[in-house]
Structure formats: C-alpha cells, structure tokens
Amino acid sequence: MEERFEKLYRENARYVYNVALGILRNKAEAEDVMQNVFIKLFETYGSFRGESSIRTYLYRMAVNRSIDLIRVRSNRSSKLEQIELPQNTVNNQAKAELDSLMSRLPVELRTPILLSEIAGFSYKEISAILQLNIGTVKSRINRGMTRLKEMAAKEVMHGV
Amino acid sequence: MECKTVKELLYDYTKNEISAGQKESIASHIKQCHECTAEYDELIRLKALFGSSLESPSPVVLASIREKLAAAPSGRRLHGFLRPVIGIAAAVMIIASAGFYTSGIISHKNNITDYMIESYEVVEPEFYDNTVYNYETDILYGDVL
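The structure presented is a predicted model; accordingly, all values stated were derived computationally and were not measured.

(A) The overall build of chain A, seen in detail. Scanning chain A from N- to C-terminus turns up 8 helices and 0 strands. Secondary structure elements of chain A occur, N-terminal to C-terminal, as α-α-α-α-α-α-α-α. Looking at chain A as a whole, 45% of its 160 residues qualify as buried. At a minimum sequence separation of 6, the contacts of chain A that also span at least 24 residues come to 67%.

(B) Here's a closer look at the overall build of chain B. Broken down by element type, chain B carries 6 helices and 0 strands. Here chain B holds 145 residues, and the buried ones make up 10% of them. Across chain B, every contact between residues at least 6 apart in sequence was considered, and the portion connecting residues at least 24 apart equals 53%.

(C) Fine view of helix 2 (residues 27-44) of chain A. Along its 18 residues, helix 2 of chain A runs 26 Å from first to last C-alpha, staying within 8% of the 26 Å computed at 1.5 Å per residue. Among all positions of helix 2 of chain A, only Lys-27, Glu-29, Ala-30, Glu-31, Val-33, Met-34, Gln-35, Val-37, Phe-38, Leu-41 and Phe-42 of chain A are buried.

(D) Structural context of the packing of helix 1 (residues 3-24) of chain A against helix 6 (residues 107-117) of chain A. Residue and element names in this part refer to chain A. Running from N to C, helix 1 and helix 6 point in directions that differ by 160 degrees, and their axes come no closer than 9 Å. By the criterion of interaxial angle, the relationship of helix 1 to helix 6 is roughly antiparallel. Of the two elements, helix 1 crosses helix 6, and the hand of that crossing is right-handed. Here Val-19, Gly-22 and Ile-23 of helix 1 lie close against helix 6, whose contacting residues are Val-107, Arg-110, Thr-111, Leu-114 and Leu-115. Partitioning the contact of helix 1 with helix 6 into residue classes produces 5 nonpolar, 2 polar and 1 charged.

(E) Looking closely at the confidence of the model for chain B. All names here are of chain B. In this model, chain B carries an average pLDDT of 70, and 50% of its residues clear a pLDDT of 70 or more. Per-element confidence in chain B ranges from a low mean pLDDT of 51 for helix 6 (residues 109-119) to a high of 95 for helix 2 (residues 20-32). Scored below 50 in pLDDT, residues 105-109 makes 9 contacts in the model with residues more than four places away or belonging to other chains. Scored as a whole, the predicted complex attains pTM 0.71, and scored at its interfaces, ipTM 0.83.

(F) Highlighting the nonpolar core. In this structure, Val-16, Val-19, Ala-20, Met-34, Tyr-59 and Ala-62 of chain A are the most contacted members of the largest nonpolar core, which totals 57 residues. In terms of residue count, the dominant contributor to this core is helix 1 of chain A (11 residues). When near neighbours in sequence (up to four residues on either side) are disregarded, Met-34 of chain A contacts Ala-13, Val-16, Tyr-17 and Ala-20 of chain A together with Pro-57 of chain B.

(G) The confidence of the model for chain A, seen in detail. The predicted model of chain A has a mean per-residue pLDDT of 86, with 88% of residues at 70 or higher. When mean pLDDT is taken per element in chain A, helix 6 of chain A scores highest with 97 and helix 4 (residues 80-89) of chain A scores lowest with 49.

(H) Region of the structure containing unusual backbone geometry. All names here are of chain A. Backbone geometry places Arg-25, a non-glycine residue, at a positive phi of 60 degrees. Tracing the backbone shows Arg-25 in the loop between helix 1 and helix 2. Not every positive phi belongs to a glycine, and Gln-131 is a case in point at roughly 55 degrees. Take Gln-131: it is sitting in the loop between helix 7 (123-130) and helix 8 (134-157).

(I) Inspection of the environment of Leu-43 of chain B at higher detail. Take Leu-43 of chain B: it is sitting in helix 3 (residues 34-52). As for Leu-43 of chain B and Tyr-11 of chain B, which are separated by 32 residues in sequence, their C-alpha atoms are 7.6 Å apart. When near neighbours in sequence (up to four residues on either side) are disregarded, Leu-43 of chain B contacts Met-145 and Lys-149 of chain A together with Leu-10, Tyr-11 and Thr-14 of chain B.

(J) Spatial organisation of the environment of Gln-131 of chain A. According to the C-beta neighbour criterion, Gln-131 of chain A is partly exposed, with 18 such atoms within 10 Å. Each C-alpha atom, one on Gln-131 of chain A and one on Pro-106 of chain A, is 18 Å from the other, the two residues being 25 residues apart in sequence.

(K) Molecular detail of the packing of helix 1 of chain A against helix 2 of chain A. Residues and elements named next belong to chain A. Where helix 1 meets helix 2, the closest approach of the two axes is 8 Å, and the angle between their N-to-C directions is 145 degrees. You can see that helix 1 and helix 2 cross each other, and the crossing is right-handed. Residues Phe-5, Tyr-9, Ala-13, Val-16, Tyr-17, Ala-20, Leu-21 and Leu-24 of helix 1 form the contact with helix 2, whose participating residues are Lys-27, Glu-29, Ala-30, Glu-31, Val-33, Met-34, Val-37, Phe-38 and Phe-42. Considering only residue class, the contact of helix 1 with helix 2 consists of 14 nonpolar, no polar and 3 charged.

(L) Region of interest: the environment of Arg-140 of chain A. Residues and elements named next belong to chain A. Relative to the elements of secondary structure, Arg-140 occurs in helix 8. For Arg-140, a count of 22 C-beta atoms within 10 Å gives the class buried. In this structure the C-alpha to C-alpha distance between Arg-140 and Arg-110, which are 30 residues apart in sequence, comes to 8.5 Å. Those residues in contact with Arg-140 that lie beyond four places of it in its chain are Glu-108, Leu-109 and Pro-112.

Parameters and conventions
Just so you know, the residues in each chain are numbered from 1, in the order the chain's sequence is written. Working convention: letters from A go to chains and numbers from 1 go to ligands, in the order in which they are written. With pLDDT at 70 or above as the cut-off, local features in this predicted model cover only qualifying residues; side-chain atom pairs require 80 or more to be listed or tallied, and sums for whole chains, interfaces and linings still use all residues. Counting from the N terminus, the helices are the DSSP runs of H or I reaching at least four residues and the strands are the DSSP runs of E reaching at least two. Partly exposed residues are those falling between the two cut-offs: more than 12 but fewer than 20 other C-beta atoms within 10 Å of their own, whereas 20 or more means buried and 12 or fewer means exposed, with C-beta atoms placed from the backbone. It is the C-beta atoms, placed from the backbone, that decide contacts: two residues are in contact if theirs lie within 7 Å. Helices are assigned an expected span. That span is 1.5 Å times one less than the residue count. Here an angle of 0 to 180 degrees is reported between the N-to-C directions of two axes, which are lines fitted to C-alpha atoms, with helices fitted over the stretch in contact. Here is the rule for angles: anything less than 35 degrees is roughly parallel, anything more than 145 is roughly antiparallel, 65 through 115 is roughly perpendicular, and the remaining ranges are oblique. Crossings are sorted by hand: turned counterclockwise from the far helix by less than a right angle, the near helix makes the crossing left-handed, and turned clockwise it makes it right-handed. Classes in brief: Ala, Val, Leu, Ile, Met, Phe, Trp, Tyr, Cys and Pro nonpolar; Asp, Glu, Lys and Arg charged; the others, Gly included, polar. The predictor's confidence in any single residue is recorded as pLDDT, a number from 0 to 100. Definition of nonpolar core: a set of buried Ala, Val, Leu, Ile, Met, Phe, Trp, Tyr and Cys residues joined via C-beta atoms within 7 Å.

What follows is the structure in structure tokens.
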C-alpha cells in the first residue's frame, strides 16, 4: 500500500466503520461497508487532488452504501435493524444509552450527527458529503440533538 | 441574548462554528442562566457519549482489507510499479534484438523492436472527476436523503 493511502486508511478506518455502524447499527454490515469503500477508493484515489476531497468522497461512499443497505434491508424485513443491535454493538453503559437514543432517531437526522460527532466534520464538510445545503445540515443536527436531549430527559424521569 | 436564541446556537457553540460576538454573548449568558447552563451541560454529556462509545472494527477484517488492498489494482500504484519494469523489458529486448541483428540471425530489427515497444506501451490511467463539492463557488447538488 502506498504511504499516502496507508495514512488515509490508518487515520479513517475506525471512524468510517463507526459512522457506518451508527447508520446501520449492525457490526457485520458496517465492516462490509468499510471494506468496500476502501477497496473502491484504492482503485481511484490517484485522481484526487487533495486530502480533503478524498475524505469527503470516502465518507460519502460510506454513507451512501450504508443507506443503500438499509433500503435493501427494509425491503426484506423492517424489524431486522431493531433485532440485531443489542447483540452486536452494546459494550458498556454509555454505549447502551447512546444506542438506545440513536436507534429512535430517523436516519436523516442520525447521519449528520454521526459525521459531526464521530468523524468531526464541519457543517460545510457534512454538506458536501450529504450533498445538502449547510442550512439543512444545521437544522437536521439541531433537530436530532434536541430529540436526543428530550429522550434522555424522559428516560431519567422514568428511571430507565 | 434570549434563551431561545442561545439554545438554538448551543450546538454551533460547541462546534466553535459561530461568530466571535455570538460566542461571547452565549458564554456570558450561560454563566447567568441556570436553564441554559443545564441545557449546555446535557449537550456536552451527550457529545461525550459519542466519543466514549467508539468501537474498533475486528482485527480480522482490518487484516483482510489490507490483504485485499495489497492485491487490488490501483491506477496510480500499478502504473507506477509497471513503468520501470516495462522500461527495463523494452531495453533488454532492444539490446537482444541488436545482438541478433549483428549476429545475422534477425535482419528486420526495426520492425521487431517497434512491435515490442508498442506492445508494452504504458496506458495512462483514466481521469476520474470525483470532485463532490466546490469550496470556491459553494456549489451544492441534490438531496440524497
């Protein structure tokens, strides 16, 4: 592997995986997405001019492939997403709480939050990855975070 | 600044994607307003959950990706690797042909060496225009979600 690609892989593999995992909520599928996007990127990365456009493209592929998988999955069974998560991804209390809250957010609110919180992208970068305008990105993140706060408050009230 | 405005800008504040003036107003508002402080603290707590919940992909999968990448064709890598090999091969063939020619075995040197060199001609990789966002013009495209 060339040094430039090796660096890109080393610095992003874990975050790409966690973004895909946050969207799909299924470990095996997230690993498949990670594998597919890096191999696909490897075939074409020579034509990229800058690191920032490579990262944008990488996460855009990961998000699109994850959403495609959700669509395929929802055609097969609408219940699969809810069934697989607890067995595959819950490792500790913090994670259990986050998974429980995120599982109740629709994917269009979940995805920009994951890109912001896990991969650390700016609004501008997220707008490029999701091909949405910045206003829409901000609004979705704010709506998503507000819902997360409301759900967390309800869980505290009900002693969950 | 009113509580409603502060709450709307809290996430931007945590991301530091806010003007210096707004940043200052929010910081001073949070110091005085218990409700907004609680809101801010909860936001910080939720954000921390993301950081502490990161998982690592399976080492087996990571190793498998590395293996596949090592074997996968890459426009840039393959051409970079092949260029010296092709150059050396062409040079060896030219020298060999010249040797045969001078020894009288081959009398059509030019045709044969030309054919050999053409056979190993390097094909430039295709150009992929993967630009997804133009930061200078701020051009954005359709909604995928």
